[in-house]
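These are the residues of each chain, in order.
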Amino acid sequence: MSHVLIIGNGIAGVTAARHIRKLSDDDITIISGETEYFYSRPALMYIYMGHMTFDHTKPHEDWFWEKNRIARLRDYVTRVDTESKKVELLSGIVMPYDVLIIASGSASNKFGWPGQDLRGVQGLYSMQDLELMEQNTQDVEHAVIVGGGLIGIEVAEMLDSRSIPVSFLVREKEYWDNVLPAEEAAMVSRHVREHGVDLRLQTELKEILPDANGRVRAVRSNQDEEIACQFVALTAGVHPNIDFLRSSAVDCNRGVLVNDYLETNVADVYAIGDCAEIIVPDPEKRNRIEQLWYTGKMHGEVVAHTICGTRSKYERGILFNSAKFFDIEYHTYGLVNFNTPGEKNLYWEHPDGKRSIRIVYNDKAVIGFNTMGIRYRHSTCERWLREERPIDYVLAHLDQANFDPEFYELCEPAVLNLFEQQNPGITIAKRKGRGILSSIFA
Ligand SMILES: Cc1cc2nc3c(=O)[nH]c(=O)nc-3n(C[C@H](O)[C@H](O)[C@H](O)COP(=O)(O)OP(=O)(O)OC[C@H]3O[C@@H](n4cnc5c(N)ncnc54)[C@H](O)[C@@H]3O)c2cc1C
């Protein structure tokens, strides 16, 4: 029986622990400095907005850990010594391990902006950040968010829930247009503004200015505008949280370097979740850092199998993601905005400007879906992508992908009509009983 030590009680570390317990009788210890119990990080915003308490965000009951013999320790790992197979903790404890899993997650980016450490300036990643945000946003008249992405827009919604006016500095031409295609990015920009946010595109932070007490009083942008504010959220991305490993023998680059089996260069040491940087042998391509909930979960399960005797390769499979931009849900499956050779895009937008469906395809098959304001079934889209279904098949069956057709207006007939208009001479064999609503959107 070995002692498996896991650094980090996020989705990656906890999933590894759960699966190791299923597969073995090993001793398991999870060390984490942030919280006593595992919680859902994506739900942080709902605690601030009063929709949930911390207890609601815990995926497991408190008895779960003892019952499954997963020991928890609230402490910080300050040093890892792979020679002696021990970790040192902030409390002074030195703990031995047989197998080490590094699952230490991410930390918010700070790019050396003047004033970035002033009071009232912070990122949003941890429970401590949330508590600080609670204090920092008391009696605030104006807030500034720096960096458009998924966390930035959540902070905007959080502040909106407390009626705190926001200026939002985003470097890109449209919101998150490094990920979203132009039309969807423009839709999000419009929607953010409709919520009363002062969205300033193509604008970067230059410096954060202090008041006489060392608290933020304003920011200055690269357009040389000064925006008065008492709170600044720095949401320009995250990076692997691995500073405590820098003196160790574990190879690190931006993250902890691992192969497809999530193994580091040191025997019996693995890295999973946000902190892992998966080496891509092709020199033309960048190594992969996957900062998503579901990939962390997959890493945890894969590494558990390897540790328990079945060496398993991590294969991410078909990409997917979902998020919410204020009231607009976003779902993506497969390859969208990757500009693959020969790809075509069928993009349909509802006249209300808040819903859209994009199907990316080539001569052979459909390769991606993006929906805004409309929920498509993950399993259906994934199956079509895996089976490499051609565009005419997907269009003929598109209503099967709709997640909740009984509650919402059906948009699929309009998508079909658009395709036929754009491709004269091609008629999609519509499934029986369809097309009733097509005239509404045609
Ligand atoms: C506000 C917010 C919203 C998000 N929303 C989504 C979403 O909607 N969908 C999605 O897919 N992803 C979302 N993410 C990203 C997702 O939460 C992360 O990808 C995921 O939580 C990473 O899991 P992890 O287990 O790798 O690390 P983490 O969840 O970061 O857990 C790592 C833990 O290790 C601890 N730790 C680090 N170093 C040490 C040390 N030296 N000693 C002890 N403990 C240590 C940390 O404190 C932390 O508790 C969101 C992230 C944030 C911040």
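Residues numbered from 1 in each chain as written. Predicted model: local features only at pLDDT ≥ 70, side-chain atom pairs only at ≥ 80, totals over all residues.

1. Regarding the overall build of the protein chain
Next up, step 1: A tally of regular secondary structure across the protein chain gives eleven helices and 26 strands.
Next up, step 2: Against the compact-globule benchmark of 22 Å for 442 residues, the protein chain has a radius of gyration of 24 Å, which places it among compact chains.
Next up, step 3: Once the C-alpha set of the protein chain is aligned to its principal axes, its extents read approximately 75 × 60 × 45 Å.
Next up, step 4: Relative to all contacts within the protein chain whose residues are 6 or more apart in sequence, the contacts with residues 24 or more apart total 60%. (Helix = DSSP H or I, 4+ residues; strand = E, 2+ residues; numbered from the N terminus. Rg over C-alpha atoms; globule rule 2.2 N^0.38 Å. Contact = placed C-beta atoms within 7 Å.)

2. Regarding the environment of Phe338
Next up, step 1: Tracing the backbone shows Phe338 in the loop between strand S23 (328-334) and strand S24 (344-349).
Next up, step 2: The class of Phe338 is exposed, set by 11 C-beta atoms lying within 10 Å.
Next up, step 3: As a C-alpha pair, Phe338 and Val360 span 22 residues in sequence and 9.8 Å in three-dimensional space. (Buried ≥ 20, exposed ≤ 12 C-beta atoms within 10 Å, placed from the backbone.)

3. Regarding the sheet that holds strand S2 (residues 27-32)
Next up, step 1: Ordered by their spatial adjacency, five strands build an open sheet running S3-S2-S1-S7-S19, and the pairing between neighbours is parallel. Looking at strand neighbours, the two that pair on one side only are strand S3 (70-74) and strand S19 (269-271), the edges of this open sheet. When strand polarity is set aside, the average angle formed by the axes of neighbouring strands in this sheet is 20 degrees.
Next up, step 2: As judged from the five bridges shared by S2 and S3, these two strands associate in the parallel manner. Across the sheet, Thr29 pairs through a bridge with Ala71, a residue of S3.
Next up, step 3: Sitting on the sheet, helix H1 (residues 11-23) is in contact with strand S1 (3-7), S2, S3 and strand S7 (99-102), with an inclination near 170 degrees to S2. (Pairing = 2+ DSSP bridges. Axes fitted to C-alpha atoms, helices over the stretch in contact; angles between N-to-C directions.)

4. Thoughts on helix H7 (residues 293-307)
Next up, step 1: Taking 1.5 Å of rise per residue, 15 residues should cover 21 Å, and H7 covers 21 Å from first to last C-alpha, within 8% of that figure.
Next up, step 2: Within H7, burial applies to Thr295, Gly296, Met298, His299, Gly300, Val302, Val303, Ala304 and Ile307.
Next up, step 3: On the buried face of H7, the contacting elements are S1, H1, S7, S19 and strand S20 (276-278).
Next up, step 4: With its phi angle positive at about 110 degrees, Gly309 sits one or two positions after the end of H7. (Expected span 1.5 Å × (residues − 1).)

5. Side note on the sheet that holds S20
Next up, step 1: As summarised here, the arrangement of the three strands in space is S18-S20-S21, forming an open sheet in which the pairing is mixed. Looking at the sheet topology across the chains shown, the edges are occupied by strand S18 (256-258) and strand S21 (288-289).
Next up, step 2: Bridging between S20 and S21 involves two bridges; their strand directions are antiparallel. Across the sheet, Glu277 pairs through a bridge with Ile289, a residue of S21.

6. Let's talk about the pairing of strand S26 (residues 366-372)
Next up, step 1: Counting buried positions along S26 yields seven of seven residues, so the element is predominantly enclosed.
Next up, step 2: Sheet analysis places strand S25 (residues 356-361) next to S26, joined by six bridges and oriented antiparallel. Across the sheet, residue Tyr361 finds its bridge partner in S26, namely Val366.
Next up, step 3: Here S25 folds back onto S26 in antiparallel fashion, the turn holding four residues.

7. What to know about the nonpolar core
Next up, step 1: With 69 residues, the main nonpolar core has Ile145, Val146, Ala156, Phe168, Val188, Val232 and Ala233 as its most contacted residues.
Next up, step 2: Ranked by residue count, the leading element in this core is helix H5 (residues 150-161), at six residues.
Next up, step 3: Setting aside anything within four residues of it in sequence, one finds Phe168 in contact with Ile145, Gly148, Gly152, Ala156, Val192, Val197, Asp198, Leu199 and Arg200.
Next up, step 4: Membership of the second largest hydrophobic core comes to 45 residues, among which are Leu5, Ala17, Trp65 and Val77. (Core = buried A, V, L, I, M, F, W, Y, C linked by C-beta atoms within 7 Å.)

8. Quick word on the site of the ligand
Next up, step 1: Around the ligand sit 36 residues, and of these Gly8, Gly10, Glu34, Gly105 and Gly273 come closest.
Next up, step 2: Among the elements of the structure, H1, S2, H5 and H7 are those that each provide at least two residues to the shell around the ligand.
Next up, step 3: Residues of the shell around the ligand, tallied by class, amount to 18 nonpolar, 14 polar and four charged. (Near = placed C-beta within 6 Å. Nonpolar A, V, L, I, M, F, W, Y, C, P; charged D, E, K, R; others polar.)

9. Section: the domain arrangement of the protein chain
Next up, step 1: Partitioning the protein chain into domains gives domain 1 (3-107 + 239-307), domain 2 (121-236) and domain 3 (320-441).
Next up, step 2: Look at where the C-alpha atoms of domain 1 and domain 3 centre, and you get two points 37 Å apart. (Domains from an automatic or database assignment.)

10. Describing the environment of Asp25
Next up, step 1: On the secondary structure map, Asp25 appears in the loop between H1 and S2.
Next up, step 2: A sequence separation of 23 residues divides Asp25 from Ser2, and the C-alpha atoms of the two residues are 8.5 Å apart.

11. Concerning the pairing of strand S5 (residues 86-89)
Next up, step 1: Sheet topology note: the strand S4 (residues 77-81)/S5 ladder contains four bridges and is antiparallel. Bridging from a neighbouring strand, Val80 pairs with Val87 of S5.
Next up, step 2: Remark: four residues form the turn of the hairpin made by S4 and S5, two consecutive strands paired antiparallel; Lys85 in that turn has positive phi of roughly 55 degrees.
Next up, step 3: Relative to strand S6 (residues 94-96), S5 is paired through three bridges, and the arrangement is antiparallel. Bridging from a neighbouring strand, Val87 pairs with Met95 of S6.
Next up, step 4: Here S5 folds back onto S6 in antiparallel fashion, the turn holding four residues, of which Gly92 has a positive phi close to 100 degrees.

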